[in-house]
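# Survey of secondary and tertiary structure
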Amino acid sequence: GTMVQRRKLEEEDFRGTQFVNHTLDLKGNNDILSVTRPDIISDIHEQYLAAGADIIETNTFSGTSIAQLDYGLQAYDEVFRINKEGAQLAKAACVKFTAQNPDKPRFAAGAIGPTNRTLSVSPSVENPAYRATTFDEVVKAYYEQCEGLVAGGVDMFLVETIFDTLNAKAALFAIDKFFEDKGTKIPVFVSGTIVDKSGRTLSGQTNEAFWISVSHAKPMAVGLNCALGAKDMYEYVKNLAKCCDAYVFCYPNAGLPNAMGGYDDTPAQMAADCTPFAADGLINGIGGCCGTGPEHIKALHDVVAAPHKPRDVPVVENLFRTSGLEPFIYQPDPQDHRKTFINIGERCNIAGSILYKKAIVAGDYDKALAIAKKQVEQGAHMLDVNMDDGLIDAVPAMTRFVNLLVSEPDTAKVPFMIDSSKFFVVEAGLKCSQGKCIVNSISLKEGEEAFIQNARIVKRYGASVVVMAFDEHGQAATEAEKVSMCQRAYKILVEKVGFNPQDIVFDPNILTIGTGMEEHNNYAVDFIRATREIKRVCPGSKISGGVSNIAFSFRGNDAVRRAFHSSFLHHACAAGLDMGIVNAEHCIHDVYEKIDKELLMYVEEVLLNRCSNATERMLEFAATLEPKCKPTAVKKIGAGPPPFTASPREDYKGADYDPLAVAANLPPVPVYQKYNPEVKQSAAFALLDKAMKERIVVIDGAMGTMVQRR
């Protein structure tokens, strides 16, 4: 942009001979100059390469049908031509300079800008759920841009100036689909934009949350550009360098804009401000954005890049990471899993709150949003969102509500669990969230082919996934069934889909006990034992479940149900349960050690299946309690605590009986095969990787500023 602005071009330059009769003004559409004034664009590319740039960007920052709509050039053929010819010019310049010095290969980066629409922010103050475009429309536009750029010969893609991470996720979704369709992939760089000293993008994410949201795409490098000058960008580049296991780069503006919208930093000033990035070992690439020209790039090359070694890419611990506006990183306490248990709020689930259901059915989304906010206030680390009900049109309901959640800072800061038995409803939710979500759920119920297809789509959206213990033959009930189904799913996800084990969350089915049916008596024990074994044979995976299911048969008696939940969590977390869909307030309040001891005795007889008539004994005791009392402050019916004696235990297994003891002679942990992706890498991967290991690479400056100089 900077280089284009320097050219002082007029309308005739933008029209050329190709668009003489075009009905809209084209001045300001810098991308079209690749078609109408290729001489100018080629000259700018060569100036940057002569200044020392290793990577130059194609003149296609606004090369999508969405951005070109402003100029009436949104037709596919026009967009394809802008991108193809822009790519050809950059590639030709790179070939020329590489031939002059083969030891310093040059790379043409397909510039993919953010478009002039945002998927996470409503343009209407009155309607925060409204969006000016859709995820699918943005994906389509980016896919078309990729077609033109690759046809023109780019070596890599640079998704840049990301002010809304959901737009970037749409670009990465399109790129991944494009790679799959073509059978070959090229390197991808991703660059976010911190808009002010709050350290957040325009759509509100911190830069670590941004990294978590895009890391699924495995970009070769991630960085920051635009908005800030180098001094103000330092802390955010430092944080990015610490948390990500990709190469890191930055290309700041030439200082902050002055009163006239220009940029005043001289090449020497900018180089001095950028030197700490390199001196402190934070970067693998440096360049310039707004206000920078070849003179700035030469200074960055000579002062910043050439004298310093590139950053060593750290080994970042592989953990379960999700994000909303802020990162959520799960580090379980091996000594006390209950302490680090992830509370997933249940009350934005149709089955988890009658008040929420009534609000959604009535179209009272403000009330539904208030329910979500209250859960976060009460300690929910994540929010489960479910719209599965015959009275609700789930896709528009999911879309509207998630759009509202991401527009409200108090709820947007936490990750979302997008929950539905219908996969197309899950997708509707994923298309609205810039953070890294958890999908709940997929299963083997419809066979391996459908399972793999859905898992690949989830991975493309960048979400973690809950896998239900369900296969073609039905739902897993016993310990052996749960372990077998989960291990089968794990093997498929790791070996055939390439899922990070940390992103795999199993739900081995928390089934209801205390129903009066003998075959249900061991359900809790089976779940807890299966939890321990699944974690052992499926390394890195996590375990979740709907905790309220366990005592559903005791609904109406708060003390009893809540005591069941507390006791179940105590034992299940000791076996490795990581998270669960819960009433967050109760989960925090109902500490196991504070549960009434008499109540707990009857609860654990049922929970741990200690005698054959445990349910009957529990019901007898429950009948003596006030239905709405708390499990930590039990109140008996009547004026005082009347003497109570339950029926004698039948088939009692003894005080020393431990149904949760670790089994002896466990089989060895299976060896899983490494995922072998079908899509092959281009030759540019090895060349670019070698360059970034050897030196700090230099990225070109602003195209628009140079055009203005004309």
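Shown above is the structure to which this text applies.
Predicted, not measured: the structure shown is a model, and the values here were computed from it. (Residues numbered from 1 in each chain as written. Predicted model: local features only at pLDDT ≥ 70, side-chain atom pairs only at ≥ 80, totals over all residues. Heavy atoms only, no water.)

Here we take up the sheet that holds strand β8 (residues 285-286). Taken in spatial order, the eight strands make up an open sheet running β1-β2-β3-β5-β6-β7-β8-β22, and their pairing is parallel. Both outer strands of the open sheet, β1 (55-57) and β22 (697-698), are each paired with one neighbouring strand and no more. Note: strand β3 (residues 156-162) against strand β5 (residues 188-192), four bridges, orientation parallel. Opposite F157, over in β5, you have V188 as the bridge partner. (Pairing = 2+ DSSP bridges. Helix = DSSP H or I, 4+ residues; strand = E, 2+ residues; numbered from the N terminus.)

The next subject is the nonpolar core. Membership of the largest hydrophobic core comes to 202 residues, with the highest contact counts inside it found for F157, F277, I286 and M618. By size, the runner-up hydrophobic cluster in this structure holds 19 residues, among which are I55, F107, M156 and F189. (Core = buried A, V, L, I, M, F, W, Y, C linked by side-chain atoms within 4.5 Å. Buried < 20%, exposed > 50% of the residue type's maximum accessible area, 1.4 Å probe, protein only.)

This part is about the pattern of salt bridges. Scanning the entire structure with this criterion turns up 33 salt bridges. Between K140 and E144 there is a salt bridge, and its shortest N-O distance comes to 2.7 Å. Residue K140 and its partner E144 are located together in helix α6 (residues 135-151), separated by four residues, close to a single helical turn. For K140, a relative accessible area of 52% gives the class exposed. Using a relative accessible area of 10% as the deciding quantity, one classes E144 as buried. Of the charged contacts in the structure, one is a salt bridge between K436 and D503, with a shortest N-O distance of 2.8 Å. You can see K436 sitting in the loop between α16 (423-430) and β14 (438-442) and its partner D503 sitting in the loop between α18 (479-497) and β18 (504-507), a full 67 residues away along the chain. Each member of the pair, K436 as well as D503, is classed as buried. Each of D54, K104, K690, E694 and R695 takes part in salt bridges that share partners, so that together they form one network. (Salt bridge = Lys/Arg side-chain N within 4 Å of Asp/Glu carboxyl O.)

Together, E518, E519, E616, E650 and D651 make up a region of like negative charge exposed at the surface. Topologically, D651 is positioned in the loop between α23 (614-622) and β21 (680-681). Look at D651 and you get exposed, because its relative accessible area is 59%. (Patch = residues over 30% accessible without salt bridge, like charges linked within 9 Å, V, L, I, M, F, W, Y side chains within 5 Å. Areas by Shrake-Rupley, 256 points an atom, 1.4 Å probe, with all protein chains shown as cover. Lys, Arg positive; Asp, Glu negative; His and termini not counted. Charge placed at Lys NZ, Arg CZ, Asp CG, Glu CD.)

To continue, consider the state of the cysteines. Following the criterion strictly, the structure yields zero disulfides and no others. With no disulfide of its own, C244 has C243 as its nearest cysteine by sulfur position, at a separation of 5.5 Å. In this structure C250 is not part of a disulfide, and its nearest cysteine sulfur, from C274, lies 5.8 Å away. (Disulfide = S-S within 2.5 Å.)

Turning our attention to the environment of E85. Structurally, E85 can be placed in helix α5 (residues 76-100). Counting along the chain gives 612 residues from E85 to V697, while the straight-line C-alpha distance between them is 25 Å. With sequence-adjacent residues up to four places away left out, E85 is seen in contact with S34 and V35. (Contact = heavy atoms within 4.5 Å.)

Burial of strand β11 (residues 342-345) is two-sided: the residues I342 and I344 facing one way and the residues N343 and G345 facing the other way are all buried. Pairing of β11 with strand β20 (residues 579-582) involves four bridges; the strand directions are parallel. Directly across from I342, in β20, lies its bridge partner M579.

A separate point is the sheet that holds β14. Read across the open sheet, the eight strands follow the order β19-β18-β15-β14-β13-β12-β11-β20; overall the sheet is parallel. Each of the sheet's edge strands pairs with one partner strand only, and the pair in question is β19 (542-543) and β20. In this structure, β14 lies alongside strand β15 (residues 464-468), joined through four bridges in parallel fashion. Of the residues in β15, the one forming a bridge with N440 is V466.

Two elements in contact, α18 and helix α19 (residues 523-537), have axes whose closest approach is 8 Å; the angle formed by their N-to-C orientations is 30°. Comparing their axes, α19 and α18 come out roughly parallel. The element α18 and its partner α19 pack so that their crossing is right-handed. Residues E479, K482, V483, C486 and Q487 of α18 form the contact with α19, whose participating residues are D526, F527, R529, A530, E533, I534 and V537. Class assignment of the residues belonging to the contact of α18 with α19 gives a composition of six nonpolar, one polar and five charged. (Axes fitted to C-alpha atoms, helices over the stretch in contact; angles between N-to-C directions. Parallel < 35°, antiparallel > 145°, perpendicular 65-115°, else oblique. Left-handed = near helix turned anticlockwise from the far one by under 90°. Nonpolar A, V, L, I, M, F, W, Y, C, P; charged D, E, K, R; others polar.)

Once that is clear, we can look at the pairing of strand β6 (residues 221-229). Buried residues dominate β6, accounting for eight of its nine residues. Handedness of the β5-helix α8 (residues 207-214)-β6 crossover: right-handed. For β6 and strand β7 (residues 247-253), the ladder comprises six bridges, and the chain directions are parallel. Bridge assignment links V222 to a residue of β7, and that residue is V248. For the crossover from β6 across helix α9 (residues 230-243) to β7, the handedness is right-handed. (Right-handed = clockwise from strand over helix to strand, strands pointing away.)

We now examine the packing of aromatic side chains. What the rule picks out here adds up to 21 aromatic pairs. Through pairs of rings, three or more aromatic residues link up here, namely Y143, F157, F178 and F179. For K445, the ring lying beneath its charged end belongs to F470, and the centroid distance is 5.2 Å. A cation sits over an aromatic face here: R460 above F173, 5.7 Å from the ring centre. (Phe/Tyr/Trp six-rings, centres within 6.5 Å; stacked < 30°, edge-to-face > 60°. Lys NZ or Arg CZ within 6 Å of the ring centre and 35° of its normal.)

Below, the discussion takes up the side chain of D700. With respect to the helices and strands, the residue D700 is situated in the loop between β22 and α25 (703-708). Here D700 sits buried without a salt bridge, and the closest side chain of opposite charge, R106, lies 10 Å off (N-O distance). Of the polar contacts made by the side chain of D700, one reaches the backbone nitrogen of E57; its length is 2.9 Å. If we ignore the near neighbours within four places in the chain, the residues touching D700 are Y48, A53, I55, I56, E57, G287, G288 and I297. (Polar contact = N/O pair within 3.5 Å; in protein donor to acceptor, adjacent residues only side chain to side chain.)

Checked against the element boundaries, H589 lands in helix α21 (residues 584-589). When the C-alpha positions of H589 and E317 are compared, they lie 32 Å apart, and in sequence the two are 272 residues distant. Once you skip the residues sitting within four places of it in the chain, H589 turns out to touch R562, K630 and T632. A polar contact of 3.0 Å, which involves the side chain of H589, links it to the side chain of D590.

Geometric values such as these leave the question of function open.
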